[in-house]
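Results of the structural survey
Letter by letter, the chains look like this.
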Amino acid sequence: MIQFNTEQPVAVSLAATQEIISQIRADAMGGWFELPETYNKEELASIKSAAAKIQSDSKFLVCIGIGGSYLGHRALIEALGSLPETEAKTKILYAGNSLSPLAFDKLLKTLGDADFSINVISKSGTTTEPAVAFRFLKEKLIQKYGSDGARARIYATTDANRGALHDEALQEKYTRFVVPDNIGGRYSVFSAVGLLPLAVAGIDIDNLLAGAAAEYHDTFDHQLANAAAIKYAATRAELAASRHDVEILATFEPQLQYFEEWWKQLFGESEGKQNQGIFPASVVYTTDLHSLGQYLQEGRRNIFETMLELEQAPATDFAVPSDSQNLDGLNYLAGKNLSFINQNALDATIVAHRSGGIPVLEIKAPDLSARSLGALVYFFELSCAISAKLQGVNPFDQPGVEAYKTNMFMRLGKPGF
Ligand code: PA5
């Protein structure tokens, strides 16, 4: 379903790839690998019924979480949430992904007096940013609905057995969803972490999972060396070995900006360790052709670019009007659709950047739909895990994240630090 093209010569070692795939499948954190196929149908039904309740009693659902506990669903909601087929009365808001008082003030102003519910998402149940936001918002819920009313509007997605959030959810009888032990935050989009907010936002989670499952079969039911995810991972590893240590993910669709944010976290946290890894950066074109475009064309040549493309133009389109005076000289575009002009800008950029010495890789999803983006998420999860393994690092841990926490806790006087 997902296509990968490159002009770079890429040699895929089938034996090495097979070995890596078996390691990922057997890894204690490899629970995401077959998740789209093996998803617990009972849990899916309870997610849908919780989503229906939230849609019936809340204008807003505030999703509290940080990193892998929020970027995946936000990526998909920003990409798909405004499409005509994704009609939901309940809007998703986000909290707990920073410690900024201004961001919190903005959230409170948006909430106003409207009815709302909370989905607090934290696998560990102890991460500071979401825990602080939860305390504030829980207080607001209690003021508005009383203790019992508040409890009925709190949905906790966390570990099955441990952590402060787990203990509180159990004691207070919040509706609970589980982040499976064998799935890490940034690989958790297809668990309750992503699926509850997505269902509330009106996104077809069955189609999303079906797209991911289709990509799984596309990859493993055919010749492994030809699989798009494997070729992408192998190309990245070869580029890294030839001192291309920055990858720019580029899209010509602004609705995919948050998808790029999710991608950066996925690859950054999975690969950036033991002095290894390709630094993941992103641009949205054509906006950034008037910003970072100059650097890409003529700056340092340690960069490669991955174009994230959609094969099918969006259903919504606009033809450039004709103008009898033609003072702006644009009549050569009269009658042409915006999507057609955008596609030409994309093709032109690839040619320009290649001629400037930038290796350009192309990743194509069929369209902007739940099914296609489900496939794309699975494609990137798989290629990221393989790519990290090819570079000799563990894709599923993030030991470096602790350093800032320890220093912060010392300064803040947290007991034990
Ligand atoms: O990908 C990851 O594992 C991290 O980004 C975590 O999702 C993030 O640190 C939040 O952790 P938690 O869900 O435990 O609050």
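Residues numbered from 1 in each chain as written. Predicted model: local features only at pLDDT ≥ 70, side-chain atom pairs only at ≥ 80, totals over all residues. Heavy atoms only, no water.

This next bit is on the site of the ligand. Surveying the vicinity of the ligand reveals 13 residues, the closest of which are Ser69, Ser122, Ser124, Thr127 and Gln265. In the model, an oxygen atom of the ligand is placed 2.6 Å from a nitrogen or oxygen of the Gln265 side chain. For the ligand, whose accessible area on its own is 380 Å², the fraction buried by protein is 88%. Taken together, the residues that form the shell around the ligand break down as one nonpolar, nine polar and three charged. (Near = heavy atom within 4 Å. Polar contact = N/O pair within 3.5 Å; in protein donor to acceptor, adjacent residues only side chain to side chain. Areas by Shrake-Rupley, 256 points an atom, 1.4 Å probe, with all protein chains shown as cover. Nonpolar A, V, L, I, M, F, W, Y, C, P; charged D, E, K, R; others polar.)

Take the packing of aromatic side chains next. Under the defined criterion, the tally for this structure stands at 24 aromatic pairs. A centroid spacing of 5.9 Å and a plane angle of 70 degrees characterise the contact between Tyr232 and Phe380, whose relative ring orientation is edge-to-face. Taken together, the residues Tyr232 in helix H10 (residues 228–241) and Phe380 in helix H14 (residues 370–390) connect sequence positions 148 residues apart. Residue Phe380 is classed as buried on the basis of its relative accessible area, which comes to 0%. Judged by centre distance (6.5 Å) and plane angle (65 degrees), the rings of Trp262 and Phe380 are edge-to-face. On the criterion of sequence distance, the pair formed by Trp262 in helix H11 (residues 257–271) and Phe380 in helix H14 is long-range, its members being 118 residues apart. The positively charged end of Lys138 is found above the aromatic ring belonging to Phe134, 4.8 Å away from the centroid. Between Arg153 and the ring centre of Tyr145, over which it is positioned, the NZ or CZ distance is 4.0 Å. (Phe/Tyr/Trp six-rings, centres within 6.5 Å; stacked < 30°, edge-to-face > 60°. Helix = DSSP H or I, 4+ residues; strand = E, 2+ residues; numbered from the N terminus. Buried < 20%, exposed > 50% of the residue type's maximum accessible area, 1.4 Å probe, protein only. Lys NZ or Arg CZ within 6 Å of the ring centre and 35° of its normal.)

A few words on the nonpolar core. If you look at the biggest cluster of nonpolar residues, it comprises 81 residues, and the most contacted ones within it are Trp32, Phe259, Trp262, Leu376 and Phe380. At 12 residues, the largest contribution of residues to this core is made by H14. In terms of nonpolar packing, the next biggest core, distinct from the first, is built from 22 residues, Ile64, Val120, Leu137 and Leu165 among them. (Core = buried A, V, L, I, M, F, W, Y, C linked by side-chain atoms within 4.5 Å.)

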